[in-house]
Protein chains: 2
Amino acid sequence: MSQTITIPVDEATRLSVDLFVSQGMSEADATASVWPLIDGEMMGIATHGLIRVPAYAKRLRIGGIDAKGKIAVERRAPSLALVDGGNATGTAIATRALDTALEMVAESGIAFVGCRHSNHCGALIPYGLKAVEAGYIMVGGTNASTTMPPWGGAEARIGNNPICFAAPVEGGEHFLLDMAMSVAARGKIRAAQTAGEKIPAGWAVDDQGRPTTDPAAALKGFLSPMGGHKGSGMSQAIDILCGALNGAQFLTGISSWLDDPQAPSNLGHFFLLLDPGRLIGKKAFSEAMARFRNIILTTPPADPKQPVMLPGQREQQRRRQAIANGMAVPEDLVDEIKALAG
Amino acid sequence: MSQTITIPVDEATRLSVDLFVSQGMSEADATASVWPLIDGEMMGIATHGLIRVPAYAKRLRIGGIDAKGKIAVERRAPSLALVDGGNATGTAIATRALDTALEMVAESGIAFVGCRHSNHCGALIPYGLKAVEAGYIMVGGTNASTTMPPWGGAEARIGNNPICFAAPVEGGEHFLLDMAMSVAARGKIRAAQTAGEKIPAGWAVDDQGRPTTDPAAALKGFLSPMGGHKGSGMSQAIDILCGALNGAQFLTGISSWLDDPQAPSNLGHFFLLLDPGRLIGKKAFSEAMARFRNIILTTPPADPKQPVMLPGQREQQRRRQAIANGMAVPEDLVDEIKALAG
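Residues numbered from 1 in each chain as written. Chains lettered and ligands numbered in written order. Predicted model: local features only at pLDDT ≥ 70, side-chain atom pairs only at ≥ 80, totals over all residues.

With that settled, the discussion passes to the overall build of chain A. The helix and strand tally for chain A stands at 11 helices and 14 strands. Relative to a compact globule of 342 residues, whose C-alpha radius of gyration would be 20 Å, chain A shows 20 Å and is just as compact. Viewed in the frame of its principal axes, chain A has a C-alpha envelope of about 55 × 55 × 45 Å. When each of the 342 residues of chain A is scored for burial, the buried share is 58%. In chain A, 64% of the contacts between residues at least 6 apart in sequence involve partners at least 24 apart. (Helix = DSSP H or I, 4+ residues; strand = E, 2+ residues; numbered from the N terminus. Rg over C-alpha atoms; globule rule 2.2 N^0.38 Å. Buried ≥ 20, exposed ≤ 12 C-beta atoms within 10 Å, placed from the backbone. Contact = placed C-beta atoms within 7 Å.)

A separate point is the environment of D29 of chain B. Residue and element names in this part refer to chain B. Residue position: D29 is located in helix α2 (residues 27–42). Once the C-alpha coordinates of D29 and V17 are considered, the two residues, 12 residues apart in sequence, prove to be 8.9 Å apart. What D29 contacts, discounting residues up to four positions off in sequence, is A88 and A92.

With that settled, consider the domain arrangement of chain A. All names here are of chain A. Domain boundaries in chain A define domain 1 (69–182 + 227–279) and domain 2 (184–224). On a C-alpha basis, the centres of domain 1 and domain 2 stand 28 Å from each other. Contacts between domain 1 and domain 2 engage seven residues on the former and seven residues on the latter. When grouped by side-chain class, the residues that make up the side of domain 1 that touches domain 2 number four nonpolar, three polar and no charged. (Domains from an automatic or database assignment. Nonpolar A, V, L, I, M, F, W, Y, C, P; charged D, E, K, R; others polar.)

Turning our eyes to something else, we now look at the sheet that holds strand β10 (residues 204–205) of chain A. Residue and element names in this part refer to chain A. Taking strand neighbours across the sheet as the criterion, the three strands line up as β11-β10-β12 in an open arrangement whose pairing is antiparallel. What marks the edges here is a single partner per strand, and that holds for β11 (211–212) and β12 (222–223). Taken together, the two bridges between β10 and β12 define a ladder with antiparallel strand orientation. In the strand pairing of β12, V205 is matched with F222. (Pairing = 2+ DSSP bridges.)

This brings us to the interface of chain B and chain A. Counting from both sides, the interface comprises 67 residues of chain B and, opposite them, 66 residues of chain A. Mapped by element, the contributors of at least two residues to the side of chain B that touches chain A are β2 (72–77), β3 (80–84), β4 (110–118), β8 (163–167), β9 (175–179), α8 (229–244) and α9 (282–297) of chain B. The element contributing the most residues to the side of chain B that touches chain A is α8 of chain B, with eight residues. Among the residues forming the side of chain B that touches chain A, the class breakdown is 43 nonpolar, 18 polar and six charged.

Expressed as a screw transformation, the operator carrying chain B onto chain A has a rotation angle of 180° and an axial translation of 0.0 Å, and the superposed copies differ by an RMSD of 0.0 Å. The superposition of one copy onto the other is thereby described by a two-fold rotation axis. Using C-alpha coordinates, one finds that chain B approaches the rotation axis most closely at G227 of chain B, a distance of 2.9 Å. Comparing interface residues between copies, 99% of those in chain B also sit at the interface in chain A, which points to an isologous, same-surface contact. (Least-squares fit on C-alpha atoms with pLDDT ≥ 70 in both.)

Turning to unusual backbone geometry, a few remarks are in order. Here the phi dihedral of H117 of chain A falls at roughly 50°; this positive angle occurs in a residue that is not glycine. By secondary structure assignment, the location of H117 of chain A is in strand β4 (residues 110–118).

Okay, the packing of helix α8 (residues 229–244) of chain A against α9 of chain B next. Between α8 of chain A and α9 of chain B, the shortest axis-to-axis distance is 11 Å and the interhelical angle comes to 145°. The crossing of α8 of chain A and α9 of chain B is right-handed. Side by side, α8 of chain A and α9 of chain B meet where Q236, I240 and A244 of chain A of the first sit next to F285, A288, M289, F292 and I296 of chain B of the second. Residues belonging to the contact of α8 of chain A with α9 of chain B are distributed by class as follows: seven nonpolar, one polar and no charged. (Axes fitted to C-alpha atoms, helices over the stretch in contact; angles between N-to-C directions. Left-handed = near helix turned anticlockwise from the far one by under 90°.)

Core analysis: the biggest nonpolar cluster contains 218 residues, and M138, A166 and L273 of chain A together with M138, A166 and L273 of chain B have the highest contact counts within it. Contact partners of L273 of chain A, with chain neighbours within four places excluded, come to A101, L102, V105, I110, A111, A131, Y136, I137 and M138 of chain A. (Core = buried A, V, L, I, M, F, W, Y, C linked by C-beta atoms within 7 Å.)

What follows concerns the confidence of the model for chain A. Looking at chain A, the pLDDT average stands at 95 and 100% of residues meet or exceed 70. For this predicted complex, the interface score ipTM comes out at 0.96, alongside a pTM of 0.97. (pLDDT = per-residue confidence, 0-100.)

In structure tokens:
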């Protein structure tokens, strides 16, 4: 582990944009590619934050992602569009899709935009924050390379496909839920192995698909979907909305960017926006959400030291702190970004 | 337990419609109210099947549900509508909402219809089947009275709010996922108690919100959401789409039909329909879904005797058997329906 340093948000953005520009990208495309990663880092989602900047850059260098990829938007109906990402960065493609959806929802009250020929698009919660700040409800999803067996299976054929639900709440943090489909991340299983501890039942299966509490067997096997058959089914539902519906790859058709970094991923995403002003009305929705927040936040906690929070509340607090005080990141990560741009 | 008898689908429908008509409902409204319950029963979802017919009838009798409730559809945009259910049966309201969405999606490629002033609407999977048989993707949800604490809480403030994802698959069973937000149903905890067994970790918390494997403590406490904070967040997201967005009640605002059967529930639902023909195209989507199904169904199973299935596959098989051979139901349930229609 290297030293941790505190870096202002603007500086981290500048360094990251410079790196992508050094790989042949325009300033505008680099800016669109970088912001979701910086936002993810600000919110404390380090796995989808600054660490992805050199990872994207390496794929840009070997052509796995196209620095000059053209993003094409095709409007299919007043509330429907398909985006062909042209193998640009997934973050730039998702940004373009969300911006298209924001234009469409303002006109027709609802918009669904699907993406194909895309790549990893960072965490979904930054897109959710952007949508709620414009006053809309967002449901967004992306597919991913396979890491889990479908329920009852013994081979990885479904992805950890995250989904994000975002709803505006005035006068406090917004409702921002961003969740992947596995019970736990692989990192937590590695941590248990290092600590010499068993993992809880339900986290993983071994390489034969049998439940295990042994971290070594789990790491040779597969993550389990949350809620068993429920998370397995939901991963597939998200894949249909991201992949099959938009002409992107899905399930085992998605190549792994770890195993094949030079191959286009052809990932798919979707963004659905709804305007509460066109349904129950802006004021009534705002009042309802204030009541909603109050009911959740005043729930008696199981542990008096741990008050009940709204999804995404902590992430938005971290983001404000990062904007005010900068972000704590590994020094060698910043050095790597500078060196790659070199 | 009474005897089980086999009853033809048409006869079960006829008896149920007669009962609702005897409570003051028109033949057309009774027909719209009954079919989702019969479909649920056919698919083997007995908790949302024929057993609900006398339950609805008792609420009709005491005015908890209005046998003459007027359902009003308000189109807010080419792809948006709000349905005021007028405290009719939730099944008739949801049917009207889905029919409205089916009309709108045929014109504009996407439709979102929200419902308020509604009641229990049965299982969601019958609506999903109806949508996919018309060639559309459906995402539907309903809220419900509170049964779980939000994550970290020690008081029931969120419901088991189910969601259904449905996608058409030609030449076999469709993709029909219908799932509630708890890890397990209360019935399974009662079964463990009867058998003198512990329940798995993660199923429930005690009345102080502490994790428990003791079925007695669990039954005094609360069900746990699937995936912990994930299911807790998703229950809230569904409640926003069903309740806050449409002007229905949500969270603790929903009265329990067990505790207050005479009070209108003011539940909310939503139905989102998408036309694949307006996105990637009908033929390309059909081919993609055939490939999707094949990848899932050919997954090597963990247990060779338990092949991997698509969500909803078993339910559709059961439904075909019920249509061909009738449904096995408790004899005293049929007697109760006949007696109430008196």
